[in-house]
Amino acid sequence: YSRYLRAQHGYLQQIKLGIERQRLALRNFIDQQPLRHKGLLLALLTGDQSLLHADTENLFQRFGMSHLLAISGPHVLIFALLFCWATHHLICRDWPDLYLTWPKQYLLIVPFCICVLFYCAFVGFEIPALRTLLSCLLISTFILLKQKIQPLSILLLSASILLIFDPFSILSAAFWLSYGACFVLLRIYQTLQHQSRTAEVKSKTQTLKIQLKILIEAQWKIFLALFPLMIIFFKQIAWITPLSNLFAIPFIGLVIVPLDVLAGMSYFFFEPLSQLFFQINNLCIGVLLFIMESIDQIFHPQLIPVAMNFWSMICIILSLIILFSPQGLM
C-alpha cells in the first residue's frame, strides 16, 4: 500500500481533505443550531442530505421538487456574484485606477471563475455544478478571446468536455435531466426573445406579465420535455410538478438560496452573523413548507407509476420533437 499512501499525501489530496474537513465543520455547526429545518438548510447549501428528515424528502418527491435539493447553477452563481460584487466595491474604494488598466469584465473574470471552482469543489463536483463550472469557464474564455457567445454551443461544448473526462456520466439521470432542462430553457428563451423583438416597448405592468408568462410556459414545457426521461429513469411522474415549481423555484432561487449562501460565507468570517442568517432562512423555509403542506392537504399529490413499451416511448418522443421544433420546420 506504499504507492496509495504516497498518493494520499500529495498536494491535490491534501486540498480535497481540507475541503471535506471544512464541509464537515459547517455541517456540525448547522447541526448544533436550534433550527427546525436544519436538514433543508444544509441540503440547499452543500447538497448534503444527511440531516434531512424522511418526511420532508418524501414531500419534495411527491411535489416533483427533488431537483431543487441538488446543487446547480443558481447556488454556484449566487456565491460567485456576491464575491465579485464585494470585490468590485473594494476596488472602487481603494484601487479605482485598476479599471483604467483592465476593463471591469476582464478584471473580475479570474475571481469569478475561482469562486465557481471553489464552490463546485465544496459540494463535491456534482454533475449540475460541473455543468455550471464548465459553462462559466467556456464563457470566460470566449470573453477574453473576444469571440461571439452562442448559448447552445456553450451547452454542447460543456457536455462534450464533461463526457471526455467522465464518460460514464452519460449513464447518470442527473446528466440527462440537467442538460435536458437547460436545452429546453434555451429554446423557450430564444422563442420569447424573438417575440419581444417584434413587439413594441412594454410598460412595467406588461413586462411583469411577460415575465410571468415566461415562468409558466417554461414550467409546463420542461415538464413535457423531460417526461420521457423521467419515465426511463424513474418509472414514475408527479403531475403537480409544473404547479409546485411556479412558486417554489422563484422563492427558493430568490430568497432561500441567497440567504443560505450568505450564511455559509459568514460562517468562515463571523459566526454570530451566520447564525442570524440561518435563523432568518429557517423562517423562510418554514413559510415554504407551510405552503407545500397546505397544497398537500388540498390536492393530495402522489407519484404516479407509468409503464410504457418501446413504441409508445418513440411516439411520445416524436410528438415532443414536433412540439418544440421551430415554426415552419415541420
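Just so we're clear, the structure is a prediction, and the values are computed from it rather than from any experiment.

Visitor: Looking at this structure, I do not really get the packing of aromatic side chains. What am I missing?
Guide: Note on aromatic pairs: each is described by the distance of the centres and the angle between the planes. A complete count under the given rule lists nine aromatic pairs for this structure. Each ring, one from Phe 118 and one from Phe 122, has its centre 6.1 Å from the other, and the planes form 25°; the classification is stacked. Highlighted residues: Phe 118 and Phe 122, both in helix H8 (residues 109-122), separated by four residues, approximately one helical turn.

Visitor: Help me understand the environment of Val 261 in this model?
Guide: Structurally, the position occupied by Val 261 is in helix H14 (residues 241-267). Sequence-wise, Val 261 and Ile 78 are 183 residues apart; in three dimensions their C-alpha atoms are separated by 7.5 Å. Among all residues touching Val 261, those that are not within four sequence positions of it are Leu 45, His 75, Ile 78, Phe 79, Leu 82 and Tyr 119.

Visitor: For this particular structure, what's the right way to read the nonpolar core?
Guide: Within soluble globular proteins, side chains that are nonpolar generally end up buried alongside one another. Counting residues in hydrophobic clusters, the biggest one holds 64 residues, and the most contacted among them are Val 116, Tyr 119, Ile 252, Phe 278 and Met 292. Residues Val 184, Ile 188, Ile 222 and Ala 225 belong to the second largest nonpolar core, which totals ten residues.

Visitor: Mind showing me how you'd approach the side chain of Asn 281 here?
Guide: Tracing the sequence through the fold places Asn 281 in helix H15 (residues 271-299). A polar contact is formed between the side chain of Asn 281 and the side chain of Asp 260, at a distance of 3.3 Å. Ignoring any residue separated from it by four or fewer positions in sequence, one finds Asn 281 in contact with Leu 41, Val 255, Ile 256, Leu 259 and Asp 260.

Definitions and limits used
- Residues numbered from 1 in each chain as written.
- Predicted model: local features only at pLDDT ≥ 70, side-chain atom pairs only at ≥ 80, totals over all residues.
- Heavy atoms only, no water.
- Phe/Tyr/Trp six-rings, centres within 6.5 Å; stacked < 30°, edge-to-face > 60°.
- Helix = DSSP H or I, 4+ residues; strand = E, 2+ residues; numbered from the N terminus.
- Contact = heavy atoms within 4.5 Å.
- Core = buried A, V, L, I, M, F, W, Y, C linked by side-chain atoms within 4.5 Å.
- Buried < 20%, exposed > 50% of the residue type's maximum accessible area, 1.4 Å probe, protein only.
- Polar contact = N/O pair within 3.5 Å; in protein donor to acceptor, adjacent residues only side chain to side chain.

In short, shape yes, function no, at least from these values alone.
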